[in-house]
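What follows is each chain in one-letter form.
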Amino acid sequence: MECAAKGRGRRCIGPPTRRCARCSAVAYCSVSHQILHWSEHKEECERLEQQMKRADDLNDFPFTFTPQLIFQEENRCSFLSKREIHGLGMWICECSCGASLAYSDCLRFINSHLVLTAFLHNQHGSKDEGWNLSGDVCPCRGPVSPISKHLSSWMDYYEWRCIPLHSPVALLLHWPLTIYYATQVARTISSTFQSCKKLCIHYLGPEKELLQLAVFGELHALFPGMKVHVDLIGPAIPEHRDGQKIDLCSYAHCSDRDCICRPSSKTSADAGKYSQVTLQLHRGFYHDCYRDLAEGSSPNLVIAPNAGIAAYSSWLPTIELINEIGVPAVFSDYCEEACHLGVSCITSVTGCSLALPIQINPFRQPMVVEDSALLLPCYSNCFIFGM
């Protein structure tokens with residue numbers, strides 16, 4: 001974390017060890033920098049104080065591994081190393097050393113390690129594909145029973161999928177589970193989901209997800225009997241993959257060689273013809289791509305995980321477009337303050353209040369974001385809000 005007054009005149013004299021006594025959400029390198037920053041910070045201090053009071057709720061997970069991670073007694077690298085998944089397959093960007101790789105290197109990793117190819121045809125058997133976990137701790141097959149109720153917590157999901165609470169799969173499954181939860185809350189504010197047998201989602205700004213597309217196979221279980229098509233749109237998609245379509249014909253597989261999640265090549269090829277879950281990649285900003293996308297079919301939902309709306313001016317024409325087409329849109333972000341700033345941007349563009357107020361996402365990733373700008377509890381897909 002950096003001093004909250006960094007770059008505002010005098011150089012920082014050391015690490016930011018001095019917290020604001022009221023909100024405890026920002027820190028400074030010295031008293032002089034704290035005084036210098038007060039004219040800006042006083043506008044947000046009370047709001048951040050209220051957000052810090054929700055820390056216990058945000059840190060509340062049912063998993064047996066979360067206390068160490070929440071209070072940073074163990075970092076991501078050591079956590080993944082103990083489970084022998086550090087730097088492997090879909091886990092490569094879940095730690096600081098993986099995240100430090102050049103993004104182009106990560107994209108080359110996808111192609112060279114067959115993360116996607118394995119999921120297209122599910123016919124390769126190397127350790128770097130799928131979950132890299134044994135079948136008893138990951139959802140590599142269909143559920144024992146269909147969903148009998150709306151899932152509203154990680155405990156609900158783990159019990160339904162018969163996964164032990166020491167399993168780390170929630171660190172990746174927060175992507176499809178956030179889609180699931182976003183559709184549930186969107187149903188309350190829109191009628192576009194009534195009696196629909198095909199769900200079309202426009203998914204904005206994917207980055208890390210491009211290395212973890214196999215986890216979206218869980219949409220088979222979350223939306224049984226429904227055809228789900230997800231258009232992933234964003235500038236991070238490589239030019240050579242623009243327009244690529246991916247049939248997710250099964251779940252991400254486990255590391256057990258004799259598991260039924262590893263069908264024959266012929267079976268996999270046939271399954272691809274009838275895939276209920278498809279992804280398609282589109283390079284560019286949503287407001288530039290939408291007209292071409294809408295020629296095929298209009299979306300039921302727009303979702304933008306970890307959107308960072310206030311941080312990027314490119315969001316303004318996209319918000320204008322979403323407001324114009326009238327499709328429900330659900331955004332998420334790492335912390336409540338980022339959502340608050342994003343809401344201010346949305347309301348200034350649309351002139352309307354939110355259809356979906358800021359709320360905690362029960363399917364946020366259960367691992368704190370390291371080196372966040374504020375001392376607020378930060379998790380990937382932590383809060384959601386919508387228009």
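For the structure itself, consult the block above.
Residues numbered from 1 in each chain as written. Predicted model: local features only at pLDDT ≥ 70, side-chain atom pairs only at ≥ 80, totals over all residues. Heavy atoms only, no water.

K.L.:
Can you walk me through the environment of G89 in this structure?
P.N.:
One can find G89 in the loop between α5 (76-82) and α6 (96-99). Classification of G89 as buried rests on a relative accessible area of 1%. Placed 122 residues apart in sequence, G89 and L211 show a C-alpha to C-alpha distance of 8.0 Å. (Helix = DSSP H or I, 4+ residues; strand = E, 2+ residues; numbered from the N terminus. Buried < 20%, exposed > 50% of the residue type's maximum accessible area, 1.4 Å probe, protein only.)

K.L.:
Explain the pairing of strand β3 (residues 198-204) to me, please; I cannot follow it from the model alone.
P.N.:
In regular strands, side chains alternate between the two faces of the sheet. Judged by how many residues are buried, β3 sits mostly within the fold: six of seven residues are covered. The sheet contact formed by β3 and strand β4 (residues 227-234) spans seven bridges and is parallel. Along β4, the bridge assignment pairs I201 with V230. Strand direction decides the pairing type here: β3 and strand β7 (residues 301-304), joined by three bridges, are parallel. Considered in β7, the bridge of Y203 is made with I303. (Pairing = 2+ DSSP bridges.)

K.L.:
Just checking my understanding: could you explain the packing of helix α2 (residues 45-52) against helix α15 (residues 336-350) for this structure?
P.N.:
Orientation of α2 relative to α15, taken along the N-to-C sense of each, is 130°, at an axis distance of 10 Å. One element, α2, and the other, α15, form an angle in the oblique class. Taking contact as the criterion, the partners of R47, L48 and Q51 in α2 are, on α15, E336, E337 and H340. In the contact of α2 with α15, the residues fall into one nonpolar, two polar and three charged. (Axes fitted to C-alpha atoms, helices over the stretch in contact; angles between N-to-C directions. Parallel < 35°, antiparallel > 145°, perpendicular 65-115°, else oblique. Contact = heavy atoms within 4.5 Å. Nonpolar A, V, L, I, M, F, W, Y, C, P; charged D, E, K, R; others polar.)

K.L.:
So what exactly am I meant to see when it comes to the layout of surface pockets here?
P.N.:
Rolled over the atoms, a probe as big as a water molecule pinpoints where empty space is left. Here the largest pocket is characterised by a volume of approximately 1,200 Å³. Forming the walls of the largest pocket are 47 residues, and the residues nearest its centre are G205, E207, N306, Y312 and Y334. At the level of secondary structure, the elements contributing two or more residues to the lining of the largest pocket comprise α6, α7 (103-113), β4, α14 (315-325) and α15. For the lining of the largest pocket, the class distribution of residues is 28 nonpolar, ten polar and nine charged. (1 Å grid on protein atoms, 1.4 Å probe; cavity = no way out; pocket = protein on both sides within 12 Å on 5 of 7 lines; lining within 4 Å. Points joined across faces, edges and corners; volume = space filled by probe spheres on them.)

K.L.:
Would you mind showing me how to read the packing of aromatic side chains here?
P.N.:
Each aromatic ring pair is described using two quantities: the centre-to-centre distance and the angle formed by the ring planes. Applying the stated rule across the entire model yields 19 aromatic pairs. A ring pair is formed by F63 and F65, whose centres lie 5.1 Å apart and whose planes are at 10°; its orientation type is stacked. With a relative accessible area of 4%, F63 lands in the buried category. With a centroid separation of 6.5 Å and an interplanar angle of 75°, the aromatic rings of Y180 and F363 are classed as edge-to-face. Placement of the pair is Y180 in helix α10 (residues 170-187) and F363 in the loop between β9 (356-360) and β10 (383-386), with a sequence separation of 183 residues. Given a relative accessible area of 2%, Y180 falls into the buried group. Positioned above the aromatic ring of W160, the side-chain terminus of R161 is 5.7 Å from the ring centre. We note R161 situated over the ring of Y251; from NZ or CZ to the ring centre the distance is 5.2 Å. (Phe/Tyr/Trp six-rings, centres within 6.5 Å; stacked < 30°, edge-to-face > 60°. Lys NZ or Arg CZ within 6 Å of the ring centre and 35° of its normal.)

K.L.:
Is there a simple way to explain the nonpolar core in this structure?
P.N.:
Inside soluble globular proteins, nonpolar side chains tend to come together where they are buried. Ranked by size, the top nonpolar core spans 97 residues in total, and within it W131, W154, Y157, F216 and F331 carry the most contacts. It is α10 that provides the largest number of residues to this core, a total of twelve residues. Apart from residues lying up to four places away in sequence, F216 is in contact with W175, P176, I179, Y203, E209, L248, V277 and L279. (Core = buried A, V, L, I, M, F, W, Y, C linked by side-chain atoms within 4.5 Å.)

K.L.:
So what exactly am I meant to see when it comes to the environment of R76 here?
P.N.:
One can find R76 in helix α5. R76 sits 291 residues away from M367 along the chain, and the two C-alpha atoms are 8.1 Å apart. Setting aside residues no more than four positions away along its own chain, R76 makes contact with E94, C95, Q365, M367, V368, V369 and E370.

K.L.:
I keep staring at the side chain of N306 and nothing clicks. Help me out?
P.N.:
Note on placement: N306 falls in the loop between β7 and α14. Within the structure, N306 has its side chain in polar contact with the side chain of S380 (distance 2.9 Å). (Polar contact = N/O pair within 3.5 Å; in protein donor to acceptor, adjacent residues only side chain to side chain.)

Any link to function would need more than the numbers given here.
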